[in-house]
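# Report on the structure
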Amino acid sequence: MVSRLRSAGLAEIQEKLVAGVRLDLADGVRLFEARDLLAVGWLANREREKRHGARTYYNFNIRLEATNVCVASCLLCAFARLKPGDPGAYTMSLEQAWDKLRQRVHQPLTEIHVVNGLHPDLPFDYYTELLRGFKRIRPDIHLKCFTAVEIAFFADLYKMTDEQVLRELIAAGLDSLPGGGAEIFAERVRKKIANDVNKCDATRYLSIHRIAHGLGLRSNVTMLYGHIETAEERVDHMLRSRALQDETGGFQAFIPLAFHPDNNQMRKLPPPSAIDSLRVHAVARLMLDNIPHVKAFWIATGVEVAQTALWFGVDDLDGTVQEEKIYHMAGARTPESLTTREIERLIRAAGREPLERDTLYNVVARAS
Ligand code: SF4
């Protein structure tokens, strides 16, 4: 392997990794530019196995998008509708949202993942009641809800600070934050694909995660890739995530999200290739020495790529998901849910060891 790494131009990076020296921006770009994908994957796999061996995590969760009404108009988005009443716009009543959990109360779910559009007219107690109602139905369920973009929007709309919003949501039952809304931190790209006064910028996104970590919440960080961003901008995104993790240690997973071009204003772009997806996950594993998990969100990458990524730095496949809308409205042809048996089968078929986890990566033991 040493000679292969040398001919791939990766010998220096390999030496740094062995010596425990952090990779920098130039290293990250080199990993994106190296022609030999398998050499990059080999390095990432070694880092993955150092941390997790063959262990591969998934969880039994449900996703819920309570409204797709959103005052922002991000080019990247196929999910949002500008106003209530627009074709395809919906907002669940609290009862309808709670019913999604009630209908599954027999399932051994451990998590609800909620993200929404930025609705201009709902009162703040819609969100606090949403959480309280979920906890009334299943007091033990983990509520991973509202992106940093939503938290910033709530703060501006309801005239609170970001911290006040988080404190009120925590009092209502919020347990952690999902990583959505990060897109690409670099201003050049963010301005083009998510240019809206209602959408917080990278600094505020990171600041909200910093505050959340300080309040004892864990969170994830995502990166939307495969549109107009450069290799430098991808690596910059990873380095900004790494820097916050140095400060707080609150990120659990880095989640690359593949861009889907259908039904949005960027539909002329091709979707990222499988090769690119594998490389992004591998480079993330190599750059992010302080974030424990790299997750392949199979809804976005496709099941086969997510499965293959288990040899390219990935140790987590998200979960059963169920009810996903954001990617399916953008043309994802993946199934809307997988059963735990299906997830376990595809992990085993990849030669890895499946482990059900809860949101905080505690292993869930089930009586078989
Ligand atoms: S990406 Fe999020 S903030 Fe932007 S339009 Fe879609 S739902 Fe709204």
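Please refer to the structure placed before this passage.
This text gives an overview of the structure that appears in the document.

## Looking at the overall build of the chain
- When helices and strands are tallied, the chain shows 15 helices and 10 strands.
- Compactness check: the chain gives a C-alpha radius of gyration of 20 Å against a globular reference of 21 Å for 368 residues, within 12% of the reference.
- Along the three orthogonal principal directions, the C-alpha set of the chain runs to about 60 × 50 × 40 Å.
- Within the chain, the fraction of its 368 residues that count as buried is 60%.
- Sequence-distant contacts in the chain: of pairs separated by 6 or more residues, those separated by 24 or more amount to 77%.
- Of the roughly 14,600 Å² that the chain leaves accessible, carbon and sulfur atoms contribute 52%.
- Each charge sign in the chain was given a centre, from 48 positive and 48 negative side chains, and these centres are 3 Å apart.

## Concerning the site of the ligand
- Every residue near the ligand is listed here: Cys70, Ala72, Cys74, Leu76, Cys77, Ala80, Leu118 and Lys199.
- Among the residues making up the shell around the ligand, the classes are represented as 7 nonpolar, no polar and 1 charged.

## Examining the pairing of strand S2 (residues 61-64)
- Alternating residues of S2 divide into Asn61 and Arg63 and Ile62 and Leu64, and every residue in both groups is buried.
- Judged from the 4 bridges that link them, S2 and strand S3 (residues 111-114) form a sheet pairing that is parallel. Paired with Ile62 across the bridge in S3 is Ile112.
- Crossover handedness for the path S2 to helix H5 (residues 94-102) to S3: right-handed.

## Description of helix H8 (residues 162-172)
- If you check which residues of H8 are buried, you get Asp162, Val165, Leu166, Leu169 and Ala172. Buried residues of H8, viewed axially, fall in a sector of 120°; they line one side.
- On its buried face, H8 sits against helix H6 (124-137), helix H7 (148-157), strand S5 (176-177) and helix H10 (202-214).
- Backbone geometry just after H8 places Gly173 at a positive phi near 125°.

## Here's the deal with the pattern of salt bridges
- Scanning the entire structure with this criterion turns up 30 salt bridges.
- Salt-bridge contacts for Asp175 lead to Lys135; the nearest nitrogen and oxygen are separated by 2.7 Å. With Asp175 in the loop between H8 and S5 and Lys135 in helix H6, this residue pair connects regions lying 40 residues apart in the sequence.
- Given a relative accessible area of 26%, Asp175 falls into the partly exposed group.
- The partner of Lys191 in a salt bridge is Glu187, with the nearest N and O atoms 3.6 Å apart. On the criterion of helical spacing, the pair formed by Lys191 and Glu187 is a turn pair, its members being 4 residues apart in helix H9 (residues 187-193).
- Where salt bridges share partners, they join Lys16, Asp24 and Asp27 into one cluster.

## As for the sheet that holds strand S1 (residues 55-59)
- A sheet is described by the order of its strands in space; here 3 strands give the open sequence S9-S1-S10, paired in parallel fashion. Strands with a single pairing partner mark the edges of an open sheet, and in this sheet they are strand S9 (316-319) and strand S10 (353-356). Ignoring strand direction, the axes of neighbouring strands in this sheet form an average angle of 25°.
- Against the sheet, helix H15 (residues 340-349) contacts S1, S9 and S10, and its axis sits at roughly 160° relative to S1.

## Here we look at the packing of helix H3 (residues 25-33) against helix H12 (residues 274-287)
- Relative to each other, H3 and H12 sit at 155°, their axes nearing to 10 Å. Considering their axes alone, H3 and H12 lie roughly antiparallel with respect to each other. Viewed along their axes, H3 and H12 form a crossing whose handedness is right-handed. For the pair H3 and H12, the contacting residues are Gly28, Leu31, Phe32 and Glu33 in the first and Arg279, Val280, Val283, Leu286 and Met287 in the second.
- In terms of residue class, the contact of H3 with H12 is built from 6 nonpolar, 1 polar and 2 charged.

## Some details on H3
- When H3 is considered as a whole, its buried residues turn out to be Asp27, Gly28, Val29, Leu31 and Phe32.
- Buried residues along H3 sit against helix H2 (11-19), helix H4 (37-52), helix H11 (231-248) and H12.
- Where H3 starts, the residue carrying a side-chain oxygen 3.2 Å from the main-chain nitrogen of Ala26 turns out to be Asp24.

## Describing the nonpolar core
- If you look at the biggest cluster of nonpolar residues, it comprises 120 residues, and the most contacted ones within it are Leu10, Phe134, Phe146 and Leu169.
- In contact with Leu169, not counting residues within four places along its chain, are Phe124, Tyr127, Thr128, Leu131, Phe146, Ile151, Phe154 and Leu174.

## Digging into the packing of aromatic side chains
- According to the stated counting rule, one finds 9 aromatic pairs in the structure shown.
- Seen in terms of ring centroids, Phe124 and Tyr158 are 5.2 Å apart; in terms of plane orientation they differ by 45°. Their pairing is tilted. Of this pair, Phe124 sits in helix H6 while Tyr158 sits in the loop between H7 and H8, placing them 34 residues apart in sequence. For the pair formed by Phe124 and Tyr158, the shared burial category is buried.
- Ring centres of Tyr127 and Phe154 lie 4.3 Å apart, and the angle between their planes is 35°; this geometry places the pair in the tilted category. With a gap of 27 residues between them, Tyr127 in helix H6 and Phe154 in helix H7 connect regions that are remote in the sequence.
- The class for Tyr127 is buried, based on a relative accessible area of 0%.
- What makes Phe154 buried here is its relative accessible area of 1%.

Definitions and limits used
- Residues numbered from 1 in each chain as written.
- Predicted model: local features only at pLDDT ≥ 70, side-chain atom pairs only at ≥ 80, totals over all residues.
- Heavy atoms only, no water.
- Helix = DSSP H or I, 4+ residues; strand = E, 2+ residues; numbered from the N terminus.
- Rg over C-alpha atoms; globule rule 2.2 N^0.38 Å.
- Buried < 20%, exposed > 50% of the residue type's maximum accessible area, 1.4 Å probe, protein only.
- Contact = heavy atoms within 4.5 Å.
- Areas by Shrake-Rupley, 256 points an atom, 1.4 Å probe, with all protein chains shown as cover.
- Lys, Arg positive; Asp, Glu negative; His and termini not counted.
- Charge placed at Lys NZ, Arg CZ, Asp CG, Glu CD.
- Near = heavy atom within 4 Å.
- Nonpolar A, V, L, I, M, F, W, Y, C, P; charged D, E, K, R; others polar.
- Pairing = 2+ DSSP bridges.
- Right-handed = clockwise from strand over helix to strand, strands pointing away.
- Arc of directions from axis to C-beta.
- Salt bridge = Lys/Arg side-chain N within 4 Å of Asp/Glu carboxyl O.
- Axes fitted to C-alpha atoms, helices over the stretch in contact; angles between N-to-C directions.
- Parallel < 35°, antiparallel > 145°, perpendicular 65-115°, else oblique.
- Left-handed = near helix turned anticlockwise from the far one by under 90°.
- Polar contact = N/O pair within 3.5 Å; in protein donor to acceptor, adjacent residues only side chain to side chain.
- Core = buried A, V, L, I, M, F, W, Y, C linked by side-chain atoms within 4.5 Å.
- Phe/Tyr/Trp six-rings, centres within 6.5 Å; stacked < 30°, edge-to-face > 60°.

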